[in-house]
Amino acid sequence: MSEALAEASLALATGDVPVAAILVDAAGTRLGTGRNERELTHDPTAHAEIIAIREAAQRLGTWHLENTTLVVTLEPCTMCAGAILQARIPRVIFGAWDEKAGAAGSAYDLLRDRRLPHRVEVVAGVLEAESAALLTGFFKERR
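What counts, and where the lines are drawn
- Residues numbered from 1 in each chain as written.
- Predicted model: local features only at pLDDT ≥ 70, side-chain atom pairs only at ≥ 80, totals over all residues.
- Heavy atoms only, no water.
- Phe/Tyr/Trp six-rings, centres within 6.5 Å; stacked < 30°, edge-to-face > 60°.
- Buried < 20%, exposed > 50% of the residue type's maximum accessible area, 1.4 Å probe, protein only.
- Helix = DSSP H or I, 4+ residues; strand = E, 2+ residues; numbered from the N terminus.
- Pairing = 2+ DSSP bridges.

## A short note on the packing of aromatic side chains
- Under the definition given, this model contains 2 aromatic pairs.
- A centroid spacing of 4.9 Å and a plane angle of 90 degrees characterise the contact between Phe94 and Trp97, whose relative ring orientation is edge-to-face.
- Trp97 gets classed as partly exposed once you look at its relative accessible area, which sits at 33%.

Shown next, in the form of structure tokens:
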């Protein structure tokens, strides 16, 4: 999570919300890294998780990202949760909760929805205070 927080700080230079995601394999090898790039690329789908998933899939040559873990500084939204499920990522670790749009236990819980064919292990609140502080500082400056 410390590495993800460092990546999230880099998003500040582009004016993007400081969120980052790192996808690792079972040995901890980084397969994909992403940070929010919506402002940079003018792409509403350029969330950190989507970018990390795309990079890992390209690197591995498959969209089946089994035996991986996605580490992200903010609870995934519904779009990102859908991508996580489609990629068959079995584990998500996140820092700060997103009470307004989170889809891993706060506003929604898509990642563990029993109606869906794939469920994800969710570990929440890892370096939560640090993750939340980065986001709070960003939005405080923008207001």
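Here the narrative resumes.
## Some details on the pairing of strand 1 (residues 20-25)
- For strand 1, the buried fraction is high: 5 of the 6 residues fall into the buried class.
- Judged from the 5 bridges that link them, strand 1 and strand 2 (residues 30-35) form a sheet pairing that is antiparallel. Note on strand 2: the bridge partner recorded for Ile22 is Thr33.
- Judged from the 5 bridges that link them, strand 1 and strand 3 (residues 68-74) form a sheet pairing that is antiparallel. Bridged to Asp25 within strand 3 is Thr68.

Everything listed here is a matter of coordinates, which is why it stays silent on function.
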